[in-house]
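# A look at the structure
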Amino acid sequence: MENAVIDKRPSIHIKEKISRFKPIIFLKKYLLLFIFVLFVILSTIFGLWNIKGYEVTNLSGEDIEDNLNKSISSYIENNVIGKNYFLLKLNSIEDSMISEISYLEDVDITKILPNKIELLIKVYDPELVAILREDKCYLLSEEGAVLEHLCEEETVGCCTDYAQNNEFYILTAGLFDISSLENGKEKLLYMDNISKVIKVVKTLDYGISKISVTEELIDVTISGNRLLRFSFNQEIDLQLSRLLVVAGKIQSDDISFKSLDLRFERPVMKK
């Protein structure tokens, strides 16, 4: 008995009709795009892109103080963790962190796929305790940025004790007050010239004991209860240049002095 011949033409015809079906043609053409869109939708539903982790690095390479680390962690937990990777506005977060966390001078945030961020931070170092107008007490950086409000219920005695206990020197400037900046920070605006003086005095290894500032004078008391006097009414860079020249002479000749007045072209030294 001869084997029956099976006609496959109807099934082939059906396949051809299906292949010419417009939705099928569209699906074939955009299959990869369809798969990608489906992946994005499903991964978003299941939270793949929600920020889950972060790392913080200090630009200086130093360890981050516990209090600052807690402030950063609290901010990230409350404002970033759980947010969608693609919807995260980094500039807004950076500005907000700088405004809210006083010790942060700058922060740069980078996204890392699929759900992580890295923070590179620049930190203000506490430098001095300032007693300003109305005996208000502040912890300041060398640049004059306000890091903490101190002794809000008490006054000068509390401020002095805090400085001594934490090995900070005191800046007394009863005529000055703190100003608010556009980025949300607070700063002693008159600190620019004072900061220049501090930096130069520190390079000379003169340990600063205290600084007293009036409308006209900057008096810096250094180790050995010696006084360096500058004028607010003259170019501070010129006075610092005089200090560097005289300090070189003092060190080379091993000269002892009680005070050095840099307001004059020829600084006045008292021994």
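As a convention, each chain's residues are numbered from 1 in the sequence order in which they are written. Only residues with pLDDT of 70 or above have their local features reported here, since the model is predicted, and side-chain atom pairs are shown and tallied only from 80 upward, although totals for entire chains, interfaces and linings are computed over all residues. Working from all heavy atoms in the structure, the side-chain values ignore hydrogens and water.

## Focus on the pairing of strand β6 (residues 146-150)
Under the convention used in this document: DSSP calls a pair of strands paired once it identifies at least 2 bridges connecting them. Per the convention used, a helix needs a DSSP run of H or I reaching at least four residues, while a strand needs a run of E reaching at least two, with both numbered from the N terminus.
Of the pairings in the sheet, the one linking strand β5 (residues 137-141) to β6 comprises four bridges and is antiparallel in character. Looking across to β6, one finds that Leu140 is bridged to Val146. Adjacent in sequence and paired antiparallel, β5 and β6 are bridged by four residues, among which Gly144 carries a positive phi angle near 95°.

## A look at the sheet that holds strand β3 (residues 116-123)
Spelled out, the test is: Lines fitted to the C-alpha atoms define the axes, with helices restricted to the stretch that makes contact. Angles between their N-to-C directions range from 0 to 180 degrees.
Pairing within the open sheet is mixed, and its three strands lie in the order β1-β3-β2. Across the chains shown, the open sheet's two edge strands, defined by having one partner strand only, are β1 (53-58) and β2 (104-112). Averaged over all pairs of adjacent strands, the angle between their axes in this sheet comes to 20°, without regard to strand direction. The pairing of β2 with β3 spans eight bridges and is classified as antiparallel.

## Let's talk about helix α4 (residues 66-79)
The condition that has to hold: For a helix, the expected span equals 1.5 Å multiplied by the residue count minus one. Buried residues are those whose accessible area, probed at 1.4 Å on protein chains only, stays under 20% of the maximum for their type, while exposed residues exceed 50% and partly exposed ones sit between those limits. Starting at the helix axis, one direction is taken to each C-beta atom, and the arc is that of these directions. It only takes one pair of heavy atoms within 4.5 Å for two residues to be counted as in contact.
Here α4 is 14 residues long and its end C-alpha atoms lie 20 Å apart, about the 20 Å a rise of 1.5 Å per residue gives. All of the buried residues in α4 are Leu68, Ile72, Tyr75 and Ile76. Seen from one end, α4 has its buried residues packed into an arc of 95°, which puts them on one side. Residues of α4 that are exposed and angled more than 90 degrees away from the buried face: Asp66, Asn67, Lys70 and Asn78. Looking at the buried positions of α4, the neighbouring elements they touch are β1, α5 (90-100), β2 and β3.

## Concerning a negative patch on the surface
For the record, the criterion: For patch detection, residues must exceed 30% relative accessible area and be free of salt bridges, and they are connected within 9 Å for like charges or within 5 Å for nonpolar side chains (Val, Leu, Ile, Met, Phe, Trp, Tyr). Residue burial considers only the protein chains on display, and all accessible areas are found by Shrake-Rupley using a 1.4 Å probe. By salt bridge we mean one thing: a side-chain nitrogen of Lys or Arg within 4 Å of a carboxyl oxygen of Asp or Glu. Only four residue types enter the charge count: Lys and Arg as positive, Asp and Glu as negative, with His and the chain ends excluded. Positions of charges follow a simple convention, taking NZ of Lys, CZ of Arg, CG of Asp or CD of Glu.
On the surface, Glu62, Asp63, Glu65, Asp66, Asp125 and Glu143 cluster together into a negatively charged patch. If you trace the backbone, Asp66 turns up in helix α4.

## Side note on the pattern of salt bridges
The final tally for this structure, using the stated rule, is 10 salt bridges. Between Asp219 and Arg229 there is a salt bridge, with its nearest N and O atoms 2.7 Å apart. Taken as a pair, Asp219 in strand β11 (residues 217-222) and Arg229 in strand β12 (residues 226-231) lie far apart in primary sequence, 10 residues in all. Take Asp219: its relative accessible area is 14%, and that puts it in the buried class.

## Describing the packing of aromatic side chains
Just so we agree on the cut-off: Working definition: rings of Phe, Tyr and Trp (its six-membered ring) pair if their centres are within 6.5 Å, and the pair is stacked with planes under 30 degrees apart, edge-to-face with planes over 60 apart, and tilted otherwise.
Counting across every chain of the model gives five aromatic pairs. For the pair Tyr85 and Phe86, a centre-to-centre distance of 5.2 Å together with 75° between the ring planes defines the contact as edge-to-face. With a relative accessible area of 10%, Tyr85 lands in the buried category. What makes Phe86 partly exposed here is its relative accessible area of 49%. For the ring pair Phe176 and Tyr190, a centre distance of 4.3 Å and an interplane angle of 10° mean the geometry is stacked. Highlighted residues: Phe176 in the loop between β7 (169-172) and β8 (179-180) and Tyr190 in the loop between β9 (186-187) and α7 (191-203), separated in sequence by 14 residues. Of the aromatic side chains, those joined through ring pairs into one cluster are Trp49, Tyr85 and Phe86.

## So, the side chain of Arg242
The condition is simple: Under this definition, polar contacts are N or O atom pairs within 3.5 Å; protein pairs additionally need one hydrogen-donor-capable and one acceptor-capable atom, and for neighbouring residues in sequence, both atoms have to be side-chain atoms.
Take Arg242: it is sitting in helix α8 (residues 236-253). There is a polar contact of 2.8 Å between the side chain of Arg242 and the backbone oxygen of Leu262. Side-chain polar atoms of Arg242 contact the backbone oxygen of Arg263, separated by 3.3 Å. Setting aside its immediate chain neighbours within four residues, Arg242 contacts Gln234, Leu262, Arg263, Phe264, Glu265 and Pro267.

## Topic: the nonpolar core
Definition in use: The set of buried Ala, Val, Leu, Ile, Met, Phe, Trp, Tyr and Cys residues whose side-chain atoms join them within 4.5 Å is what this entry labels a nonpolar core.
Counting residues in hydrophobic clusters, the biggest one holds 38 residues, and the most contacted among them are Ile211, Ile218, Leu228, Phe230 and Leu243. Sorting the residues of this core by element identifies β4 (126-131), β5, β7, α7, β10 (208-213), β11, β12 and α8 as the ones contributing at least two each. Apart from the residues within four sequence positions on either side, Ile211 is in contact with Tyr169, Ile170, Leu171, Thr172, Ile194, Ile198, Ile218, Asp219 and Val220. Core analysis: the second largest hydrophobic core is formed by 35 residues, Ile72, Tyr75, Leu104 and Val123 among them.

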